[in-house]
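The chain contents come next:
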Amino acid sequence: MPGTDESQSDGVQPVPIDTTKASVARVYDAVLHGKDNYEIDREVVRQLRQVAPEMSLMAWDNRSFLIRVTRFIARETGITQFLDCGSGLPTAENTHQVAQRIQPDSRVVYVDNDPVVLAHGRALLEENDQTHFSAADIFKPGEIINDEVVRKYLNFSEPMALFQIGTLPFYDGERSPQDIMAEYINALPSGSYVAISHFIDPETSELSEFARRLEQAFLRSPMGRGVFRIRTEIEGMLAGLEILDPGLVLCADWWPDGPRVKPLDTVQNCIVGAVGRKP
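What counts as what
- Residues numbered from 1 in each chain as written.
- Predicted model: local features only at pLDDT ≥ 70, side-chain atom pairs only at ≥ 80, totals over all residues.
- Heavy atoms only, no water.
- Buried < 20%, exposed > 50% of the residue type's maximum accessible area, 1.4 Å probe, protein only.
- Helix = DSSP H or I, 4+ residues; strand = E, 2+ residues; numbered from the N terminus.
- Pairing = 2+ DSSP bridges.
- Phe/Tyr/Trp six-rings, centres within 6.5 Å; stacked < 30°, edge-to-face > 60°.
- Right-handed = clockwise from strand over helix to strand, strands pointing away.
- Polar contact = N/O pair within 3.5 Å; in protein donor to acceptor, adjacent residues only side chain to side chain.
- Contact = heavy atoms within 4.5 Å.
- Core = buried A, V, L, I, M, F, W, Y, C linked by side-chain atoms within 4.5 Å.
- Salt bridge = Lys/Arg side-chain N within 4 Å of Asp/Glu carboxyl O.
- pLDDT = per-residue confidence, 0-100.

Chemist: Let's hear about the pairing of strand E8 (residues 271–277): which residues, and what values?
Modeler: With 6 of 7 residues buried, E8 is to be regarded as a mostly interior element. When strand E5 (residues 193–199) meets E8, the two strands line up antiparallel, connected through 7 bridges. Residue pairing for E8: Ala195 is matched across the bridge by Val275. Relative to E8, strand E6 (residues 242–243) runs antiparallel, the two being bridged by 2 bridges. Across the sheet, the residue bridging to Glu242 is Arg277, located in E8. Where strand E7 (residues 249–250) and E8 come together, 2 bridges link them in antiparallel fashion. Its bridge partner being in E8, Val249 is matched across the sheet by Gly273.

Here it is as structure tokens:
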């Protein structure tokens, strides 16, 4: 996909970066010890680590869940279309890399409106003609479903995979996250797969208190948001889907790559994930 013209057709245009406001993607990058973040993002991480010193374990569990889900879908379902909402900044293993290693003809559309993410997206577009970016708002499913880039590269008459990995805790609009996911799910063809991960209040006395303290740290930080929901609220985001085994579980427990040889840190008990199939 040579040059600027294709990049522009994918809608990935340079956007000014506001370094006075924290960004979900950049905070996540900072937690993972990346380099694409600013002082305001690192301040969020410092505040979170006052409550959860091992915050990076939660982020790695989330990322590892995405990798295992992508691997499963590419290997076991035959699906070759992926819509990754809130893709974040590149790490060692991204959705397109995992999927295309198994199914080389896999098409991936990333959706993210963070300027730093989009800068990386422009570079990615030049090296992989099966990977595309849209600078749309992932919490407006009607816009995403009808987005020019999404419709150009994904075929809505064939099953696809939709990812909302670690995104919905940072939604702060009036519409419920359950309603947002319902609109997405309604638009997907039969046989499609949906994967989500989300911060959870485990609803046990000690863990619930910890989850709420961490939630308050998110809210009081320059990030200003980061909601921990209870199980029934998260399950409501998957309504109408057949949930695959092992169900809605800790991200660390969703088909791990090997046996656990050390106990989970407290913070790892506060992020869950699930995969569902649309009948």
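Chemist: Kindly report on the packing of aromatic side chains, identifying the contributing residues and their values.
Modeler: One pass over the full model with this rule turns up 11 aromatic pairs. For the pair Phe170 and Phe218, a centre-to-centre distance of 5.8 Å together with 70° between the ring planes defines the contact as edge-to-face. A residue pair is termed long-range when its members are at least 10 positions apart, and Phe170 in the loop between strand E4 (161–165) and helix H9 (177–187) and Phe218 in helix H10 (residues 205–220) qualify at 48 residues. An identical accessibility class is assigned to Phe170 and Phe218; each is buried. Judged by centre distance (4.8 Å) and plane angle (25°), the rings of Phe199 and Phe228 are stacked.

Chemist: Report on the pairing of E5, specifying residues and quantitative values.
Modeler: The element E5 is extensively covered by neighbouring structure, given that 7 of its 7 residues are classed as buried. Judged by which residues are buried, E5 turns out to be covered on both faces: Tyr193, Ala195, Ser197 and Phe199 on one side and Val194, Ile196 and His198 on the other are all buried. Note: E4 against E5, 5 bridges, orientation parallel. Following the sheet pairing, Leu162 is matched in E5 by Val194. A crossover links E4 with its parallel partner E5, the connecting element being H9, and its sense is right-handed.

Chemist: Quick one: what's the story with the side chain of Gln164, residue by residue and with numbers?
Modeler: Mapped onto the elements, Gln164 comes out in strand E4. A distance of 2.4 Å separates a polar atom in the side chain of Gln164 from a polar atom in the side chain of Thr167. In this structure Gln164 touches Cys85, Ile138, Met181, Tyr184, Ala195, Ile196 and Ser197, once residues within four positions along its chain are discounted.

Chemist: Hey, could you go over the nonpolar core for me, with residue numbers and the actual values?
Modeler: A general feature of soluble globular proteins is that nonpolar side chains tend to end up buried together. Residues Met55, Met58, Phe163, Leu214 and Phe218 are the most contacted members of the largest nonpolar core, which totals 52 residues. Examining the composition of this core, we find that 8 residues originate from one element, helix H4 (residues 55–76), more than from any other.

Chemist: Go over the pattern of salt bridges, please, and point to the residues and values.
Modeler: Here the structure, examined in full by the defined rule, presents 13 salt bridges. Put simply, Arg42 and Glu39 hold a salt bridge, and the shortest N to O gap is 3.6 Å. Of this pair, Arg42 and Glu39 both sit in helix H3 (residues 39–51), separated by 3 residues, roughly a single helical turn. Taking the shortest distance from any N to any O, the salt bridge between Arg175 and Glu183 comes out at 2.5 Å. By sharing partners, the salt bridges in this structure join Glu39, Arg42, Glu43 and Arg46 into a single network.

Chemist: Just give me the short version of the environment of Glu203, but keep the residues and values in it.
Modeler: Considering the arrangement of structural elements, one finds Glu203 in the loop between E5 and H10. For the pair Glu203 and Ile230, spaced 27 residues apart in sequence, the C-alpha to C-alpha distance is 7.0 Å. What Glu203 contacts, discounting residues up to four positions off in sequence, is Ser208, Ile230 and Arg231.

Chemist: Explain the environment of Arg49 residue by residue, including any values.
Modeler: Tracing the sequence through the fold places Arg49 in helix H3. With relative accessibility at 27%, the residue Arg49 sits in the partly exposed group. The spatial distance from the C-alpha of Arg49 to the C-alpha of Phe228 is 16 Å, given a sequence separation of 179 residues. In contact with Arg49, not counting residues within four places along its chain, are Val31, His33, Met55 and Ser56.

Chemist: Got a sec to walk through the confidence of the model for the protein chain? Specific residues and values, please.
Modeler: Detail in the predicted coordinates should be disregarded across regions flagged by low pLDDT. Within the protein chain, residue pLDDT values average 91, and 93% of them lie at 70 or more. Here residues 1–9 is a poorly scored stretch, pLDDT under 50, and it has 16 contacts once near neighbours within four places are set aside; other chains count.

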